[in-house]
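Working through the structure, step by step
Listed below are the residues making up each chain.
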Amino acid sequence: MKKYNLLIIGLLAVVTAMAQPEAVFDKIVKQYTWNRDGSMIFRYRKELTLNTHFAFNNLYGETFIVYNPEFQTLKINESYTKQADGTVIRTPDNAFNEVLPSFAADAPAYNHLREMVVTHTGLEIGATICLDYTLTTHVGFYPFLDVAEQLQEHSPVKDYQIEITLPEEEKLTYGLNALRGEPVVRQHNSMTTYAWNFQNIPAFPMESYTAGKASPMLFASNAEGENGVAWLSAMKVDPEACTSLVAKLLEGKQTTDEKRSEILRYVVDEIATSQLPVLLSAKIRPPAEVLQSAYGTLAEKATLLASMLLAAGLDAEIMMSFPSFATPIAVRAISDIRVKSGDHYLSPLQKDALDPALRASLDQFWQTGENGVGLIQLDEKQMTLGYQAHIALNDTMANVNGTLINSEDATAQADFSRQQALRPNNGYALYTLPATDKGIDRWRLRLNSTRTQPMELPCRIKETCSYTLTVDGWDVETRPFRKEISNPVGKISLTMHREDSRLIIRREIELQKTMIEPNEYHAFRSLVLLWKNDAFRTLILKKK
């Protein structure tokens, strides 16, 4: 009996150990102090206990602090590791190393930026990492206080404290997403402090496409809640800087669509993109400088794109997208920047970017205009993709003649003509039907069996694939089928039948929601699993 008891105790210990997270943040403290002269002090402290080797070998062995030394001063207040037995290991001087941030490597204008790499020492299971630093930002760098704090980490947080201090005569606008709680407000030395304390925040869920509305965040601003609007107003176009280049690019281009497409191609393909975090630079470089350097941030490329369109005599207005729950509108919450020209919302990063109206129920949009920057409404769209293919199978080859019609631009039909070799094996061959990579397959959905958080899809979608096949030299062993599902999330229909000497296959799926709640996930999953099922995408061929 003792032996069995020991075995059960051992198994329980193993299960308990496996159930532990990789690490736990015992405490995170973030303190913002906005001074009357416009300078700011940010203090950060974390206490992180390590539960596994993976935690310190792969996840938390180093801390990275990116800053701008031209306007900011970094001070490490404290850095040590408390081991499981209570021994304190101070971080040695050679464990603090400044490097160039990777995003600045090919951007000379940002080569002055620095990333402090703190390598934590004395790490073991049960050890606690303690790091405390202060980042002081000098006058003239930040135009306003801008806070958009993601309160979830990759490990659970037991105690999360945020404090924001500013002069008593200034008003703080703030908002919480996916959390509740009013701050404790206190006055001291003509300054007002707003303090939040959150307990037991879970780790990021291991689920794809987690809805933004389920992500705990804190937004705060001293600019009457419209920081993003003020920042958008600071993006100054300069058509004159682009006149000669645009004239050369558009030689021989007659129509508005040709001109717009050529300008977009140039900005996307010829101007490299720098992934500089928002507000890490004191300014948005002007179009002339971006052109000369041939690289730019998303905001800089958007300003250049608008300038070039205006230089070509086309209309152009800059639009920013923010999550609908971002209140106040923090600059750090920007989700996208576009340039509206005609009926098109052009992305400076990719030529085939999706229409932002597909996310009209999820985002809020602010756009420049004659009267400054204003909130605009976009009518939500559903993506509609229609793929048609005529396929001729012979002894060795599949000849495909296919076209794709996209609801966003029905006149721009993509050509999917191709040849695919058939490779028989013992008189049999498998042929997988060609498909577009513009729809659901592009999302690369990972479908867990259950889900705890809402799922946010890129858009509502209706996707139809029609195939007409003629087969020469083969017998099709795949039997005709009809599979249909209809539920509150959407519907799907997969059919195959013979029509004279032809094989007709039709695949259609419609997802009618962008937000899938956990209680709807099973219905959603059944639709997508059937759509992705290879048994209804692959033909079994037998040599005659």
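These numbers come from a predicted model, not from an experiment.

Attention shifts here to the pairing of strand E21 (residues 372-376). Looking at chain direction, strand E20 (residues 363-369) and E21 are connected through five bridges and run antiparallel. Looking at the pairing, Trp366 lines up with Leu375 of E21. Between the antiparallel neighbours E20 and E21 lie two residues.

With that settled, the discussion passes to the packing of aromatic side chains. One pass over the full model with this rule turns up eleven aromatic pairs. A ring pair is formed by Tyr387 and Tyr467, whose centres lie 6.0 Å apart and whose planes are at 75°; its orientation type is edge-to-face. Residue Tyr387 is located in strand E22 (residues 383-393), and its partner Tyr467 is located in strand E28 (residues 461-471); the two are separated by 80 residues in the primary sequence. Assigned by exposure class, Tyr387 and Tyr467 land together as buried. Linked through ring pairs, Phe71, Phe141 and Tyr142 together constitute an aromatic cluster. For the cation-ring pair, Arg507 lies above Trp531, with the distance from its terminal atom to the ring centre recorded as 4.2 Å. In this arrangement the basic side chain of Lys543 is found over the ring face of Trp474, its NZ or CZ atom lying 4.6 Å from the centre.

For the structure shown, the criterion picks out one cavity of 30 Å³ or more. Estimated volume of the largest cavity: approximately 60 Å³. Lining the largest cavity we find Leu433, Pro434, Ala435, Asp441, Glu463, Cys465, Tyr467, Arg507, Trp531 and Arg537. Here the residues of the lining of the largest cavity sort into six nonpolar, no polar and four charged.

Below, the discussion takes up the sheet that holds strand E11 (residues 173-177). Backbone hydrogen bonds are what pair the strands of a sheet, in a parallel or an antiparallel way. Taken together, the three strands give an open sheet; going across it, the order is E9-E14-E11, and neighbouring strands pair in antiparallel fashion. Of all strands in the sheet, those with a lone pairing partner are strand E9 (146-150) and E11, marking the two edges. The sheet shows a mean angle of 5° between the axes of neighbouring strands, taken without regard to direction. Note that E9 and strand E14 (residues 217-221) share five bridges and pair antiparallel. Residue pairing for E14: Glu149 is matched across the bridge by Leu218.

Taken as a whole and assessed by the stated rule, the structure comprises 31 salt bridges. The partner of Lys158 in a salt bridge is Asp26, with the nearest N and O atoms 3.7 Å apart. Highlighted residues: Lys158 in strand E10 (residues 157-167) and Asp26 in strand E1 (residues 23-34), separated in sequence by 132 residues. Residue classification places Lys158 among the partly exposed residues on the basis of a relative accessible area of 44%. Close ionic contact of Arg43 with Asp132 constitutes a salt bridge, the shortest N to O distance being 2.9 Å. Here the residue Arg43 occupies a position in strand E2 (residues 40-50), and Asp132 occupies one in strand E8 (residues 128-137), the gap between them amounting to 89 residues. Here Arg43 falls in the partly exposed class, since its relative accessible area comes to 35%. Salt bridges linked by common partners bring Arg43, Arg45, Glu47, Glu78, Arg90 and Asp132 together as one network.

Turning to the sheet that holds strand E17 (residues 317-323), a few remarks are in order. Pairing is antiparallel in the open sheet, where five strands are placed in the order E19-E18-E17-E20-E21. Where the open sheet ends on each side, the last strands, each with one partner, are strand E19 (344-346) and E21. Along the sheet, successive strands turn relative to each other by an average axial angle of 30°, direction set aside. Relative to E19, strand E18 (residues 336-341) runs antiparallel, the two being bridged by three bridges. Pairing of Ser341 across the sheet is with His344, part of E19. Across the sheet, helix H7 (residues 298-311) lies against E17, E18 and E19, angled at about 5° from E18, the strand it touches most.

Turning next to unusual backbone geometry. Following Thr327, the chain continues to Pro328 via a peptide bond in cis, the omega torsion being 0°. Along the chain, Pro328 turns up in the loop between E17 and E18. Of note in the backbone geometry, Ser190 takes a positive phi value of approximately 60° without being a glycine. Judged by its relative accessible area of 31%, Ser190 falls in the partly exposed class. With a phi angle near 70°, Leu279 is a residue other than glycine that sits in the positive phi range. Considering the arrangement of structural elements, one finds Leu279 in the loop between strand E15 (272-273) and helix H6 (287-293).

Reading the values: the criteria
- The written sequence of each chain sets the order in which its residues are numbered from 1.
- Under the rules for a predicted model, residues below a pLDDT of 70 receive no local features and side-chain atom pairs below 80 are neither given nor counted, while totals for whole chains, interfaces and linings still include all residues.
- Only hydrogens and water are set aside; all other atoms, that is, all heavy atoms of the structure, feed into the side-chain values.
- Strands qualify as paired when DSSP identifies two bridges or more between them.
- Secondary structure counts use DSSP, requiring at least four H or I residues in a row for a helix and at least two E residues in a row for a strand, with both numbered from the N terminus.
- Here the aromatic set is Phe, Tyr and Trp, taking the six-membered ring for Trp, and pairing holds for ring centres within 6.5 Å; pairs whose planes are under 30 degrees apart are stacked, those over 60 apart are edge-to-face, and all others are tilted.
- Each residue is placed in one exposure class: buried if its accessible area under a 1.4 Å probe, protein chains only, is under 20% of its type's maximum, exposed if it is over 50%, and partly exposed if it falls in between.
- For a Lys NZ or an Arg CZ to count as sitting over a ring, it must be within 6 Å of the ring centre and within 35 degrees of the ring normal.
- A cavity here means a set of 1 Å grid points, computed over protein atoms only, where a 1.4 Å probe fits but cannot escape. A pocket is an open set with protein on both sides within 12 Å along at least 5 of 7 lines, and lining residues have an atom within 4 Å of a point.
- Grid points are joined across faces, edges and corners, and a volume is the space filled by probe spheres set on the points.
- Note that Gly is not counted as nonpolar here; it falls among the polar residues with everything else outside the nonpolar set of Ala, Val, Leu, Ile, Met, Phe, Trp, Tyr, Cys and Pro and the charged set of Asp, Glu, Lys and Arg.
- Note on definitions: angles span 0 to 180 degrees between N-to-C directions of axes, and those axes are lines fitted to C-alpha atoms, for helices only across the stretch in contact.
- Between Lys or Arg on one side and Asp or Glu on the other, a salt bridge is scored when a side-chain nitrogen of the former is within 4 Å of a carboxyl oxygen of the latter.
- Contacts: residue pairs with any heavy atoms within 4.5 Å of one another.

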